[in-house]
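# Observations on the three-dimensional arrangement
Each chain, letter by letter, is given below.
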Amino acid sequence: MSNDLLNSIIEEVEKKLDSAAVNPEIENVWEVFYLWDWVAKISGLRNVAYNELVEFESGWVWVTLNLEEHFVWVVVLRWFSQIKEGEKVKSTWKTLEVPVWEWLIGRVVDALWNPIDGMGEIKSSENYPIERVATWVMARKSVHEPMETGIKAIDALVPIGRGQRELIIWDRQTGKTQIAIDTILNQKGQNMICVYVAIGQKEGKVARVVEELRARGAMDYTIVVTAGASDPASMQYLAPYAWCAMWEYFMFNGKHALIIYDDLSKQANAYREMSLLLRRPPGREAYPWDVFYLHSRLLERASKLNDELWAWSLTALPIIETQASDVSAYIPTNVISITDGQIFLESDLFNAGQKPAINVWLSVSRVWGSAQIKAMKKVSGTLKLDLAQYRELAAFSQFASDLDAGTRKQLDRWARMMELLKQGVFEPVIVAKQVCAIYAAWKGFFDEIEVSKIKKVEQDLYLSLDEEKSILEAIKAEKAMSDETENKLKEVINRVVELNK
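Below: a short report on this structure. Worth saying up front: this structure is predicted, and the values here are computed from it rather than measured. (Residues numbered from 1 in each chain as written. Predicted model: local features only at pLDDT ≥ 70, side-chain atom pairs only at ≥ 80, totals over all residues. Heavy atoms only, no water.)

Right, let's get into the overall build of the protein. Looking only at helices and strands, the protein features 16 helices and 17 strands. Principal-axis analysis of the C-alpha atoms gives the protein an extent of 125 × 50 × 45 Å. Relative to its 501 residues, the protein shows a buried fraction of 53%. In the protein, the proportion of contacts linking residues at least 24 apart, taken out of those at least 6 apart, comes to 74%. (Helix = DSSP H or I, 4+ residues; strand = E, 2+ residues; numbered from the N terminus. Buried < 20%, exposed > 50% of the residue type's maximum accessible area, 1.4 Å probe, protein only. Contact = heavy atoms within 4.5 Å.)

Structural data, given as structure tokens:
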């Protein structure tokens, strides 16, 4: 062999050595050896993290939830039937993320961000992780700005502030979802993006909610997410976290956000089902030991940012369904201890026609007057105490054969106030009008009106206020009721009362 040929071979070998990868990628691969009911057990998987995504040969991605010494348990999100025992699995070194973008507004999607409204593909250019540490306390500000629901009994007696976590709780068929929908409707024009997360609900119910929101123009600022009753438990568990990330995207990009979890008791049931399948030791009511953390790490992400972070907010309205009015059960007591207040509904009030069936005597908001404008605080300051006294007097009067004139007058006035607090579905009322109506009943202007006519007088008052716009504009601008505005309001109320006597 000539020297020239030898040199050319050496040069070629050197080039190949120079271009060779000295740090080849190492894949962490093993196989499935157990499959059962949306759960898989994988042997040999190493260096995998909790909540990490793992990829199967068939292309489907699962989430790891149990880490043991020799095995890893993962749960499937969809297409469970496509996975086979013996299939190879590899780690992805990624945690679950969700696409976030304003194009999702107005859409109906499932827990894996797939559109189910027939309106085409959803585009996104950014992802957020579904699990995130809650906003640091020093980055927060105390709740002080009202998040008006348009429901008189709430805005006057159990006010909600932006950044608050207010629980809605009671048995089924008492109007919990309706309160949430009316709250969404009232956010129109308030620079508020709403996310309605339906967990374990029937598809028909979700379809009706979407139809009502679309008919009233609320889908222009709302996203509806559904992990239905027919979806696997993993999807119902995932949905609240996935869309809390979307919710945070809006907060960090210059908008206030409201998210409604309907309901978290079904998410807890789904998590219990998953935990039992993963062979985790059961605790009270067969829930796993970390079920409190399940909800606390979710609801703690609600916050009101401080002024340095532009004071945007995340407001959460979780819903819990009780069984036989048992608020001392495990999940209700957990969520009550996490939230900043509770709106208790009552079956007896609902059946008696007092709708929304809010038990104003038990319901509480821990921010109270901080989430009300001055005008509302002025007219509702003693309202809760007065209604509590009314309930006691009403119960006592059933056994009393004779009542003095003062007691009878007080009972009659607060019977009219209870009638005023009734409200139809899909009929949110702006706070300025609420202030005027409550003022009229509080000051006794409706004392001579029959209880059966209170709703008509209320509607006539609203029509008169729409004509006399200066009163509503003054309350809205000043957030208070000046003496001049109060005198004008008295004149309007007197005219309406005289026409309805």
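Looking at where Lys-176 falls in the secondary structure, it is placed in helix H3 (residues 176-185). The buried charged residue Lys-176 lacks any salt bridge partner; its closest oppositely charged side chain belongs to Glu-321, at an N-O distance of 4.4 Å. Discounting chain neighbours no more than four positions away, the residues touching Lys-176 are Ile-168, Ile-169, Trp-170, Asp-171, Ile-319, Ile-320, Glu-321 and Leu-345. (Lys, Arg positive; Asp, Glu negative; His and termini not counted. Salt bridge = Lys/Arg side-chain N within 4 Å of Asp/Glu carboxyl O.)

Glancing now at helix H15 (residues 469-478). Among all positions of H15, only Ile-471, Leu-472, Ala-474 and Ile-475 are buried. Around the axis of H15, the buried residues are gathered within 160 degrees of arc, so they sit on the same side. Exposed residues on H15 whose side chains face more than 90 degrees from its buried face are Lys-469, Glu-473, Lys-476 and Ala-477. Contacts from the buried residues of H15 go to helix H10 (374-380), helix H13 (431-442), helix H14 (454-467) and helix H16 (483-500). (Arc of directions from axis to C-beta.)

The next subject is the nonpolar core. Trp-243 and Tyr-261 are the most contacted members of the largest nonpolar core, which has 147 residues in total. Among the elements that make up this core, the one with the highest residue count is helix H5 (residues 233-251) (15 residues). Among the nonpolar cores identified, the runner-up in size contains 15 residues, and Leu-45, Val-48, Val-74 and Val-76 belong to it. (Core = buried A, V, L, I, M, F, W, Y, C linked by side-chain atoms within 4.5 Å.)

Turning our eyes to something else, we now look at the pattern of salt bridges. Overall, the coordinates contain 24 salt bridges when judged by the stated rule. For Glu-321, the salt bridge identified is with Lys-266, shortest N-O distance 3.7 Å. Taken together, the residues Glu-321 in strand S15 (residues 313-321) and Lys-266 in helix H6 (residues 264-277) connect sequence positions 55 residues apart. Residue classification places Lys-266 among the partly exposed positions, given a relative accessible area of 21%. Between Lys-456 and Asp-460 there is a salt bridge whose closest N-O contact spans 3.0 Å. Taken together, the residues Lys-456 and Asp-460, both in helix H14 and four residues apart, mark about one turn of the helix. Given the relative accessible area of 49%, Lys-456 is considered partly exposed. Among the charged side chains, a salt-bridge network with shared partners connects Arg-132, Glu-248 and Arg-301.

Of note, Glu-478 is situated in helix H15. Classification of Glu-478 by relative accessible area gives partly exposed; the value is 46%. For the pair Glu-478 and Val-76, spaced 402 residues apart in the sequence, the C-alpha separation amounts to 54 Å.

Together, Leu-5, Ile-9 and Val-13 make up an exposed nonpolar region whose accessible area comes to about 240 Å². Turning to its location among the elements, Ile-9 is positioned in helix H1 (residues 3-19). Ile-9 sits in the partly exposed class, given a relative accessible area of 39%. (Patch = residues over 30% accessible without salt bridge, like charges linked within 9 Å, V, L, I, M, F, W, Y side chains within 5 Å. Areas by Shrake-Rupley, 256 points an atom, 1.4 Å probe, with all protein chains shown as cover.)

The residue after Asp-262, namely Asp-263, is reached through a cis peptide bond having omega -5 degrees. In this fold, Asp-263 is placed in the loop between strand S13 (256-262) and H6. A cis geometry characterises the amide bond from Lys-355 onward to Pro-356, with omega recorded as 0 degrees. Tracing the chain through its elements places Pro-356 in the loop between helix H9 (347-351) and strand S17 (364-365).

A word on the state of the cysteines. Going through the model one piece at a time under the given rule, you end up with zero disulfides. As a non-bridged cysteine, Cys-194 has Cys-244 as the owner of its nearest cysteine sulfur, 15 Å distant. Relative accessible area serves as the criterion here: at 1%, Cys-194 is assigned to the buried category. With relative accessibility at 0%, the residue Cys-244 sits in the buried group. (Disulfide = S-S within 2.5 Å.)

Take the packing of aromatic side chains next. The full count for this structure, using the stated rule, is 12 aromatic pairs. Ring centres 5.3 Å apart and planes at 45 degrees place the aromatic pair Phe-33 and Phe-71 in the tilted group. Of this pair, Phe-33 sits in strand S1 (residues 29-36) while Phe-71 sits in strand S5 (residues 71-76), and the two are 38 residues apart along the sequence. Ring geometry for Tyr-237 against Tyr-241: centres 5.7 Å apart, planes inclined by 55 degrees, an arrangement best described as tilted. Of this pair, Tyr-237 and Tyr-241 both sit in helix H5, four residues apart, which is roughly one turn of that helix. Judged on exposure class, the residue Tyr-237 and its partner Tyr-241 are both buried. The rings of Trp-101, Trp-103, Tyr-128, Tyr-249 and Phe-250 are connected pair by pair, giving a single aromatic cluster. One residue, Lys-41, lies across the ring of Phe-71, its end atom 4.5 Å from the ring centre. We note Arg-216 situated over the ring of Phe-426; from NZ or CZ to the ring centre the distance is 4.3 Å. (Phe/Tyr/Trp six-rings, centres within 6.5 Å; stacked < 30°, edge-to-face > 60°. Lys NZ or Arg CZ within 6 Å of the ring centre and 35° of its normal.)

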